[in-house]
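Fold and geometry: a report
Single-letter residue listing:
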Amino acid sequence: MKPGNQTNGALRIAGLTHAVSDRPIFTDLEFTMRSGESVAVVGPSGSGKTTLLMCLLGLIKPSAGRVEVAGADITRLSTRALAAHRRRHLGVVFQFGELLPELTPLENVALPALLAGMNHQKAYASAERLLGDLGVPKDNTTTGLLSGGERQRTAVARALISEPAVLLADEPTGALDWTTRDAVASTLYSLARDRDCALLVVTHDPAVAGRADRRLRLDAGKLTEVA
Amino acid sequence: MIRRSLWWQLLRIGWNIGRGASGDRTRFIALLLASATLALIASTAVAAVAVVDARDGVERTRGPLFADDGEPATALWRVEFDAVDQVQHSVVFVEPLTASAAPPPGLPRWPARGEAYLSPELLRLGGPENISARYGHLAGLVQRNGLASPGERIAYVRPLHPNLRSDDWFKITGFGQAVGLGEAQAARPLSMFLDALIGLLAVPALALLVVAARCGSTARDRRSALLQALGGLARHRAVVNLGEAALPATAGACLGAVPILTAMIVDIRIPGTGYLIGSTDLRAVLWTIPAVVLATVLITLTAVVMLHRIDRAGKTTRPRSFSGPVPRWRLVLCAVMFAVEAVSGFVDGDVGFYLYLAGTLGVLATLPSVAAALSRGLGERIAAFGRRRGRPAPLTAGRWIVAHPGVVTRLAVAVIIGLGLITQVQVWHSRLSDPQKEAVATEQRVGGGVLLVSAETDLTPAQISAFARHLPPAYTILGLHTPENGPTTAVAPCPALRSVHLTCPPTPTALRTGAGDTRVQELHRWQGKQNGQMIVRTGSITGSKLDALAVLSAPEAGSRTTPVKQAAYATLPLPKVDQLGADSLISAKSDSQMARWLVLFGVCGMLILMLAAAVSAAAEFLRFSPALMPLTIQADGHRVFISIALWNLAVPLSLATLIGAAVTAWQGLHFIAVVDEGTFSWETLTIATTTGTLLAFAIALAGGLSATRAAPRWRPTGD
């Protein structure tokens, strides 16, 4: 059983506040996500969506508040413990995929598992299965030669290989055209749901946000539920 | 006002770029090193000019002013040559004629009869040969104002029993003109030194500057692109570049001037050559150092502005350029060139030599293509190994090598060409002329076992007796007389002839080839060379007309030269003591000293080339290593960068170094076989190979650590 399942939520933030040089970015944010639930965070540019995402990843230490991932408050963890916790419980999909273009998709997907010390046969098997589910070619084509949609689906597969309790996606369709966007968004949501993984998507795109179970709007430093 | 503040702002933008991420620091360090290297080379040239100026200055003060006919002379003067460890030095014999005559520059007083002044370096190097007692009693050291350089070897000697009526003395009225004494006598032209400096050091330094100027910098590229998008022109970008490069260029130029400034404080011995540079000589050019620094800064900044590269990287995960495959014909051509070089060994004469030359140049020219193909192959194997074993570092590093073979290729080619050049320089300069080869062969067979002793005039019986009395008993003396147009006659009493395995002929007899022991055979070989055959006569050496003595000693006599020279200087007027083929041995030694300079420059040039390639490789590594940083956020694998850098840079470069060393050794030995002369310096190759390998690991560790430090600071962007 995953630690995330032992608590009320896979991801919970409480009283989350962050300021840069006395300029508040957001104040007293609260929300909880269940396993298998999807949440979209929308908001205008500069509202602090990416900063919130980085707080959830533990890349930025908030000014105040708690960020509980799989039951542990990551704001109180040491650097080493945070890295280990992130490796076990968090997956992330970046806007531009951030893949290694010289590697094949299979190698790209297996890489985090290999870095985490997983048995390589198991890592490649998992990567192959994920890529199959996502419809990405598994031949020896390098990732740099894939289409934008294929690359982003590879990025989704890479984020899921460690079977995270929480999947964070930062504008995952931001660099894609309309057609590809729908396909990637559909895959992202369905895979997270199927794997009982909490999915938080930061996006500008109403269509992508519309697929989430809940939508939150970050504006003027406050998080509000969108109907 | 507005215009001025714009330039100021642009300069500040550039200034701030120089303090950016790891890639920018690489560029900073690269520019600093390039500037420092240029300043060092420029100041070396200035130092060379200063050293030659100082030498010429001393030369002009210490050479004798010859007395005209009828002009009253104040002293007698004569220069001869002697050698320590087969390096020649001047021995100046002097004899004051008036009490008021000024002593030679550098001497506090005239030496007394049987006294000698030695230069400090001659005293130091001649220690094992007991030089302090060779010319008589040591009166003191020649002062700096009488020396062309602090490392000059020279002796001023006043003979114990001079023949003042001899025509061999020059009558002089004082000192004050250059005649080519000491160091000046054997000095190579300054232009030769500067040519070597430019060819072997300045050209690689300029290559380093080009690499540093074109070294990628993420922050610089972004700001440059932004400036362009905002309507900035080339001159605006130039100002930003100046702001960015000003600090490293200035700091590097100042750093590069530190060695010459240090050498102005203390005398410094140049490693590898043993040459001692005088601090006082260099102080004369102190005023040029600011000019050197300024010129270096200007050259560096000009290169930075002229070689500015607009980069479009970082916008996509799609690779910028996967290099195309290496054309097959280039690989074939390299193989053909190798074959030509190999075959040249079986072709006699000039044709074989020119085939070797063409093959060597061809191999060096086509090697980059082969290195690129090999890099790719190596990358594929490393990646396959990583994939098979599930190891991320070799997998990623291997794939990067395949995608960017140029990085490894540049490094490998710099190493291989550098090693090749050094070896060629070393081997070419180890070649000996025929007389030199013969002299070396004789030296190897008998060493100092046969010494020729002569004096200013024919030797008198009294002189010969005195000389013989000064010698230890293990020495055999043969008297030599060489008439104007006839063969040399060797004369000695019967016991002496028997001791060197000769019979005692009742009448003068031509010596058969192979007669006598090895020492006699060598004497025969060298004396017969000049005058045909050699005659042997039984008789007393004091009762014959002699113009030279051959002193033969057994190996067990220990240091064979020292007692003979000491005896000669103690008993004979203006003596000369030489090994067989001494002139050739001395010229060979002089050539080898010249070669040491060239090898020194070659090694430094190779290091600069390798530094340029390493900087380029590190910069490239830091350009594509950020691609891995997002992954490490999820996987906590920061330490993987060091492993990747080792697989990506250290492993291929170490292999390239070893392959380069093997190819170089083969080329060098093959050359020696082709021309049937020269020696191969395994020491030079070992030093160069070890340095190359260490540099490979150092640059890999630096790149890996730099990326490791940068990884935790990576943040997703693109909102």
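Residues numbered from 1 in each chain as written. Chains lettered and ligands numbered in written order. Predicted model: local features only at pLDDT ≥ 70, side-chain atom pairs only at ≥ 80, totals over all residues. Heavy atoms only, no water.

1. Remarks on the sheet that holds strand β5 (residues 72-73) of chain A
All names here are of chain A. The four strands are arranged β2-β1-β4-β5 in an open sheet whose pairing can be described as antiparallel. Of all the strands in the sheet, the pair left with one neighbour each is β2 (23-33) and β5. Bridge count for strand β4 (residues 64-69) against β5 is two bridges, and the pairing is antiparallel. Counterpart to Val69 in the pairing with β5 is Ala72. (Pairing = 2+ DSSP bridges. Helix = DSSP H or I, 4+ residues; strand = E, 2+ residues; numbered from the N terminus.)

2. What about the state of the cysteines?
Enumeration over the complete set of coordinates arrives at one disulfide over all chains. Each disulfide pairs two cysteine sulfurs, and for Cys494 of chain B the partner residue is Cys504 of chain B, the sulfurs being separated by 1.8 Å. On the sign convention where negative is left-handed, the bridge of Cys494 of chain B and Cys504 of chain B, at about 100 degrees about the S-S bond, is right-handed. Of this pair, Cys494 of chain B sits in helix α17 (residues 494-499) while Cys504 of chain B sits in the loop between α17 and β13 (509-510); the two residues are 10 residues apart in sequence, bridging distant segments of the chain. According to the relative accessible area criterion, Cys504 of chain B is partly exposed, its value standing at 22%. Looking at the unpaired Cys197 of chain A, the closest cysteine sulfur is the one in Cys55 of chain A, lying at 20 Å. (Disulfide = S-S within 2.5 Å. Buried < 20%, exposed > 50% of the residue type's maximum accessible area, 1.4 Å probe, protein only.)

3. Considerations on the interface of chain A and chain B
Listed per partner, the contact involves 44 residues of chain A and 32 residues of chain B. Both sides of the chain A and chain B interface together cover about 3,500 Å² of buried area, and 58% of this is carbon and sulfur. In terms of surface lost to chain B, no three residues of chain A exceed Leu59, Glu102 and Leu115 of chain A, which account for 19% of the buried area on that side. Where chain A meets chain B, there are two salt bridges. The salt bridge partner of Arg399 of chain B is Glu107 of chain A, with a shortest N-O separation of 2.3 Å. The interface formed by chain A and chain B contains six residue pairs in polar contact (both at pLDDT 80 or more). Here the side of chain A that touches chain B takes six residues from helix α3 (residues 105-115) of chain A, the largest share from any one element. (Contact = heavy atoms within 4.5 Å. Buried area = accessible area lost by both parts, 1.4 Å probe. Salt bridge = Lys/Arg side-chain N within 4 Å of Asp/Glu carboxyl O. Polar contact = N/O pair within 3.5 Å; in protein donor to acceptor, adjacent residues only side chain to side chain.)

4. Quick word on the environment of Ala335 of chain B
You can see Ala335 of chain B is positioned in helix α11 (residues 328-344). Separated by 27 residues in the primary sequence, Ala335 of chain B and Gly362 of chain B have C-alpha atoms spaced 9.5 Å apart.

5. Comments concerning the packing of aromatic side chains
Inspection of every chain in the model, using the stated rule, returns 13 aromatic pairs over all chains. Pairing Trp597 of chain B with Phe601 of chain B gives two aromatic rings, centres 6.1 Å apart and planes at 70 degrees, and the pair type is edge-to-face. Here the residue Trp597 of chain B and the residue Phe601 of chain B both occupy positions in helix α20 (residues 582-624), the gap between them amounting to four residues, near one helical turn. One exposure class covers both Trp597 of chain B and Phe601 of chain B, and it is buried. Grouped by ring-pair contacts, the aromatic residues Phe193, Tyr275, Trp597 and Phe601 of chain B constitute a single cluster. Lying across the ring of Tyr124 of chain A, Arg387 of chain B places its NZ or CZ 5.2 Å from the centre. (Phe/Tyr/Trp six-rings, centres within 6.5 Å; stacked < 30°, edge-to-face > 60°. Lys NZ or Arg CZ within 6 Å of the ring centre and 35° of its normal.)

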